[in-house]
Amino acid sequence: MCGIFGYCNYLVERSRGEIIDTLVEGLQRLEYRGYDSTGIAIDGDTPDKTLLYKQIGKVDALKQEIARDAPERDIAFASHCGIAHTRWATHGEPRQINCHPQRSDSQNAFTVVHNGIITNFRELRTLLANRGYTFESDTDTECIAILFKHLYDENLSNGHELDFHELTKLVLTELEGSYGLLCKSVHYPEEVIATRKGSPLLIGVKSDKKLKVDFVDIEFPDDTAGKPDTPLGSKNATPNASSRNLLNGNRRTRPFDGNNLLPLTANEFNLRHSQSRAFLSEDGTPNPVEFFVSSDAASVIKHTKKVLFLEDDDIAHIYDGELHIHRSRRPEVGASMTRSIQTLEMELAQIMKGPYKHFMQKEIFEQPDSALNTMRGRIDFENGSIMLGGLKAWLPAVRRARRLIMIACGTSYHSCLATRAMFEELSEIPVSVELASDFLDRKCPVFRDDVCCFVSQSGETADTMLALNYCLERGALTLGIVNSVGSSISRATHCGVHINAGPEIGVASTKAYTSQYIALVMFALSLSDDRVSKIERRKDIIRGLHNIPDQIREVLQLESRIKELCQNDLKDHKSLLVLGRGYQFASALEGALKIKEISYMHSEGVLAGELKHGVLALVDEQLPIIAFGTRDSLFPKVVSSIEQVTARKGRPIIICNTNDEVWAKKAETNKLLTLEVPQTVDCLQGLLNIIPLQLVSYWLAVNRGIDVDFPRNLAKSVTVE
Ligand code: UD1
Ligand code: F6R
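- Within an unreviewed UniProt entry, the label attached to the chain reads glutamine--fructose-6-phosphate transaminase (isomerizing), and the organism entered is Zygosaccharomyces mellis.
- Within the UniProt record for the chain, the comment given under Function (unreviewed entry) is "Involved in amino sugar synthesis (formation of chitin, supplies the amino sugars of asparagine-linked oligosaccharides of glycoproteins)."
- Under the UniProt heading Catalytic activity (unreviewed entry), the entry covering the chain gives this text: "D-fructose 6-phosphate + L-glutamine = D-glucosamine 6-phosphate + L-glutamate".

Spelled out as structure tokens, the structure:
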């Protein structure tokens, strides 16, 4: 998702041009994670100025933005801290004003880059607005920058000039949610704060001198000291030890030569510095050093392999060539008192994909999390209620619709097919599902009382977008189920749901499919929340959704069996049939699509009931077949379809529910292989059943030496008709 990068040089002279290039290149190393906008903050010509550059689009667009402003590149900085960010929009669409760094005010007093979500940002915004602060962006991050300023000013007006980390502690007490964040300020030149909670951050250290020790001591608060002013609280508190020290004189006493702040002498230095043993030279003076702060080792590894991983609630404070790590609370018994500086042995590609060989594999394995993220904050499992913020106001209009038309392409089309029956059952609105290109070719009649729902991972697919324009022209209510915030479809629709699956990089769509499926189920559930007749059914489905992430995790454990299957039973075949019926017809189509696009093996999703009308002619002991035989009301019919196959010496691999006795017996008599998946509510079973097929397609492709993430002839986002 979003990416953070920071670069601090101390006594290592760098021109502004070099600093910009380092920051921009750091962002480029984060590009693979997916993003929609970028930005950096660096020092101006004097330490009381911060320059901000932000742009939507790719890093190249940021470079152009910087070039347009043409800041002098040759100015040299003996010491400097710069921060940078790639953003994947969650709060507010990708607009320049929403890009990070976010700032506290028009003077850029505090600038912040942030990954994660501040869940109480609305309350903070209201509180700060009541105190006269104005907001320029839609982001949750802006309130962090303003909070820094508010606190700084408030304490200063009471005579407390806080150290940067003390100020940060105050800010953090107000924040709820998750964050990895960097903060830079004109009040703390050449300093940077890096802190995290639930979002990764690491710090790379580069120095020509050998570090004295390979760890950094954690600095805990002195409980005997008074407390500084709290942000939104009392004004009568006394400053604590750390801020009193500063008032005694060693803050900002550094000489300024008109361009740069000059280094401190050893004596001056030791006044403020006590604990950061790793970075001092023998005589106690600081060494030249560079720090690279990042949310991802991928952007650090080029510069140094020596890294320190921050832990939740660590506040790293970098200044004067030192790295201090503070914590707000005294340590619990047994807690570590240091953070070790480790040597990374990983290569770049390895870091980007984690333990996985390909993005597709990574994304398949991300599904327990992405499924949860689609539901996060939207389903109250205790009360059994659903709240889709983007649809709430539109539900009455949707309920009045004459029909609902779902329109999409490829995998997204399959997620519509998979949920159609459940949708009609719960909403009692007739639903038609359309391939966007065919819908346009037919010039399908659309009326003002139709609701048209566009499903797309990228939000940029040309056919889907054209169909959307077609429906808008005819006055229909349009709705999007989209992964990319700020994409064309997300913007052009009247309303919709972001599926929040996170960026999908592998060309084959995997986690977007399961998240679209869940978003459509949640949509149907919200439409039916006033129907007494559906109470029990809704409860079952919501309970089912609650268990889905764990059940997906369970299915993923089939990987080694599937890998084996692909190496043996499915090897060297030219064609494969996937059979499904009812809810599982969509799974069959989607499974077959995955197999052809990734492994280049011909594969056909077949409605099991249609076998006898033609496809049965293909069946013999050679043709590999995968059949969905999980339990639902159509189970007897599925069993009979599969018997038609075994009667013709076919040996289908059955995807069935765990410990299903019917299949256990049949597997024994007919020597069939089974892949067992846990059981869930019938209309959710497709979420679990598709996973083995995703893995089959992946391993078939890997065995054939295909570049899984970039299959031939395909692009991630099909922006041509
Ligand atoms: C929104 C925030 C989310 C935050 C939550 C907290 C955004 C993008 N999302 O999520 O970060 O945690 O509030 O309350 O700011 N929309 C379309 N077409 C589409 C998809 C969405 O028009 O295809 C519209 C929706 O109608 C809505 C807006 O985009 O107005 C945001 O949609 P969504 O992210 O799904 O809303 P929330 O879940 O409320
Ligand atoms: C298959 C796949 C494609 C897309 C299709 C629509 O794995 O990725 O079939 O599903 O091109 O793309 P979106 O969902 O971006 O509109």
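1. Section: the site of ligand 1
Piece 1. Inspection of the region around ligand 1 gives 17 residues, with Thr 90, Arg 378, Gly 390, Thr 493 and His 498 positioned closest.
Piece 2. Take Arg 122: an N or O atom from its side chain is 3.0 Å from an oxygen atom of ligand 1.
Piece 3. For ligand 1, an oxygen atom lies 3.0 Å from a polar atom in the side chain of Arg 378.
Piece 4. Computed on the free molecule, ligand 1 has an accessible area of 730 Å², of which 69% lies beneath the protein chains in the complex.
Piece 5. Every element with two or more residues in the shell around ligand 1 is listed here: strand 22 (477-482) and strand 23 (495-498).
Piece 6. Considering each element in turn, the shell around ligand 1 owes the most residues, four residues, to strand 23.

2. Let's talk about the pattern of salt bridges
Piece 1. Using the criterion set out here, one finds 38 salt bridges in the structure.
Piece 2. In this structure, Asp 43 engages Lys 184 in a salt bridge whose closest nitrogen and oxygen atoms are separated by 2.4 Å. Highlighted residues: Asp 43 in strand 2 (residues 37-43) and Lys 184 in strand 7 (residues 179-185), separated in sequence by 141 residues.
Piece 3. When its relative accessible area of 7% is taken as the criterion, Asp 43 is described as buried.
Piece 4. Each member of the salt-bridge network shares a partner with another, and the members are Glu 311, Asp 314, Arg 327 and Arg 339.

3. Some points on helix 4 (residues 142-157)
Piece 1. Across its 16 residues, helix 4 extends 23 Å between first and last C-alpha, which sits within 8% of the 22 Å expected from 1.5 Å per residue.
Piece 2. Most of helix 4 is tucked away: 13 of the 16 residues are buried.
Piece 3. Gly 159 sits one or two positions beyond helix 4 and adopts a positive phi of about 85°.

4. Focus: the side chain of His 324
Piece 1. Mapped onto the fold, His 324 is located in strand 14 (residues 322-326).
Piece 2. Its relative accessible area of 1% is what places His 324 among the buried residues.
Piece 3. Within the local environment of His 324, its side chain forms a polar contact with the side chain of Glu 219, the two groups lying 2.6 Å apart.

5. Describing the packing of helix 12 (residues 410-427) against helix 19 (residues 583-599)
When two helices pack together, their arrangement is given by the angle between the helix axes and the distance between those axes.
Piece 1. Helix 19 packs onto helix 12 with a crossing angle of 175° between their chain directions and a minimal axis gap of 9 Å. When the axes of helix 12 and helix 19 are compared, the pair comes out roughly antiparallel. Along the contact surface, helix 12 presents Gly 410, Thr 411, His 414, Leu 417, Ala 418, Ala 421, Met 422 and Glu 425, while helix 19 presents Tyr 583, Ala 586, Leu 589, Glu 590, Leu 593 and Lys 594.
Piece 2. Grouping the amino acids of the contact of helix 12 with helix 19 by side-chain chemistry returns eight nonpolar, three polar and three charged.

6. Some details on the sheet that holds strand 15 (residues 338-340)
Piece 1. Taken together, the eight strands give an open sheet; going across it, the order is 5-6-7-8-13-14-10-15, and neighbouring strands pair in mixed fashion. Where the open sheet ends on each side, the last strands, each with one partner, are strand 5 (102-103) and strand 15.
Piece 2. Bridge count for strand 10 (residues 215-219) against strand 15 is three bridges, and the pairing is antiparallel. Along strand 15, the bridge assignment pairs Asp 217 with Thr 338.

7. Thoughts on the site of ligand 2
Piece 1. Around ligand 2 sit 15 residues, and of these Ser 412, Ser 456, Ser 458, Thr 461 and Glu 597 come closest.
Piece 2. For ligand 2, an oxygen atom lies 3.1 Å from a polar atom in the backbone of Thr 411.
Piece 3. Ser 509 is positioned with one of its backbone polar atoms (N or O) 2.9 Å from an oxygen atom of ligand 2.
Piece 4. Protein chains shield 90% of the accessible area of ligand 2, which is 400 Å² for the free molecule.
Piece 5. Taken together, the elements giving at least two residues each to the shell around ligand 2 come down to helix 12 and helix 19.
Piece 6. Partitioning the shell around ligand 2 into residue classes produces five nonpolar, eight polar and two charged.

8. Topic: the packing of aromatic side chains
Piece 1. According to the stated counting rule, one finds 14 aromatic pairs in the structure shown.
Piece 2. Each ring, one from Tyr 152 and one from Tyr 188, has its centre 5.8 Å from the other, and the planes form 80°; the classification is edge-to-face. Linking Tyr 152 in helix 4 with Tyr 188 in strand 8 (residues 188-197), this pair joins segments that are 36 residues apart in sequence. For the pair formed by Tyr 152 and Tyr 188, the shared burial category is buried.
Piece 3. Relative to Trp 663, the ring of Phe 635 lies with its centre 6.1 Å away and its plane at 85°, an arrangement referred to as edge-to-face. One end of the pair, Phe 635, is in helix 20 (residues 635-646); the other, Trp 663, is in helix 21 (residues 661-670), with 28 residues separating them in the sequence. Of the two residues examined, Phe 635 and Trp 663, each falls in the buried class.
Piece 4. Pairwise contacts between aromatic rings join Phe 110, Phe 148, Tyr 152, Phe 164 and Tyr 188 into one cluster.
Piece 5. Sitting over the ring of Tyr 35, Lys 58 keeps its end group 4.3 Å from the ring centre.
Piece 6. Taking NZ or CZ as reference, Arg 474 lies 3.7 Å from the ring centre of Tyr 470, over its face.

Calculation notes
Residues numbered from 1 in each chain as written. Chains lettered and ligands numbered in written order. Predicted model: local features only at pLDDT ≥ 70, side-chain atom pairs only at ≥ 80, totals over all residues. Heavy atoms only, no water. UniProt positions renumbered as here; feature names shortened; annotations may be inferred. Near = heavy atom within 4 Å. Polar contact = N/O pair within 3.5 Å; in protein donor to acceptor, adjacent residues only side chain to side chain. Areas by Shrake-Rupley, 256 points an atom, 1.4 Å probe, with all protein chains shown as cover. Helix = DSSP H or I, 4+ residues; strand = E, 2+ residues; numbered from the N terminus. Salt bridge = Lys/Arg side-chain N within 4 Å of Asp/Glu carboxyl O. Buried < 20%, exposed > 50% of the residue type's maximum accessible area, 1.4 Å probe, protein only. Expected span 1.5 Å × (residues − 1). Axes fitted to C-alpha atoms, helices over the stretch in contact; angles between N-to-C directions. Parallel < 35°, antiparallel > 145°, perpendicular 65-115°, else oblique. Contact = heavy atoms within 4.5 Å. Nonpolar A, V, L, I, M, F, W, Y, C, P; charged D, E, K, R; others polar. Pairing = 2+ DSSP bridges. Phe/Tyr/Trp six-rings, centres within 6.5 Å; stacked < 30°, edge-to-face > 60°. Lys NZ or Arg CZ within 6 Å of the ring centre and 35° of its normal.

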